[in-house]
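For reference, the chains in residue letters:
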Amino acid sequence: MGRNIVETIVGALVLLVAGFFVFYAFAKSDHTGPEGYEITARFGRIDGLKRGADVTMSGVKVGTVTAIDLDRKTYQAVVHMAVAPNVPVPVDTNAKVVAESLLGGMVVVLDPGGDKDMIKPGGEITQTQDAISFTELLAKFMFSGSSGQK
């Protein structure tokens, strides 16, 4: 009889600790939507870019990719981004999709222009550069050096 009580108390403690960890995980996670204003950009190719990817400017995270759609008329990828409200984006900004690292995922890099006018919420970045496929780049590098050498 005493053994059942000890097992019950230990089981209750395990459940209590597990409940505490679940509560802590939810409290510390970012389960709210991204804050800021939304802008979009159109790309011909976004190889591996995912919802939730970082949007950076000068190497600093300034936003998040919130959605990716396909324009059914032009067959371009439309990337929706939430940019921090305290980061103005000039209208002549260039957006490009690049690999975060050799092993990492893709990010959107914003190269700000010098225009005094800023993109309004809901606006679009018109100057974009598509993602470069790592395998195509590697193949081009490997096979370009092999011809003409003896």
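Cut-offs used in this document
- Residues numbered from 1 in each chain as written.
- Predicted model: local features only at pLDDT ≥ 70, side-chain atom pairs only at ≥ 80, totals over all residues.
- Heavy atoms only, no water.
- Buried < 20%, exposed > 50% of the residue type's maximum accessible area, 1.4 Å probe, protein only.
- Helix = DSSP H or I, 4+ residues; strand = E, 2+ residues; numbered from the N terminus.
- Pairing = 2+ DSSP bridges.
- 1 Å grid on protein atoms, 1.4 Å probe; cavity = no way out; pocket = protein on both sides within 12 Å on 5 of 7 lines; lining within 4 Å.
- Points joined across faces, edges and corners; volume = space filled by probe spheres on them.
- Nonpolar A, V, L, I, M, F, W, Y, C, P; charged D, E, K, R; others polar.

1. Focus on the pairing of strand β4 (residues 77-83)
Of all seven residues in β4, seven are buried, a share of seventy percent or more. Residues Ala77, Val79, Met81 and Val83 point to one face of β4 and Val78, His80 and Ala82 to the other, with burial holding for every one of them. Note that strand β1 (residues 37-43) and β4 share seven bridges and pair antiparallel. By the bridge assignment for β4, Thr40 is matched with His80. As paired strands, strand β3 (residues 60-70) and β4 are joined by seven bridges and run antiparallel to one another. Each bridged residue has a counterpart across the sheet, and for Ala67 the counterpart in β4 is His80.

2. Observations concerning the layout of surface pockets
Taken as a whole, the largest pocket encloses approximately 280 Å³ of empty space. The wall of the largest pocket is formed by 16 residues, among which Val98, Ala99, Met106, Ile132 and Phe134 lie closest to the centre. Those elements that provide at least two residues to the lining of the largest pocket are β5 (94-99) and α2 (134-144). Per element, the largest residue contribution to the lining of the largest pocket is four residues, and it comes from β5. Its residues placed into classes, the lining of the largest pocket shows nine nonpolar, four polar and three charged.

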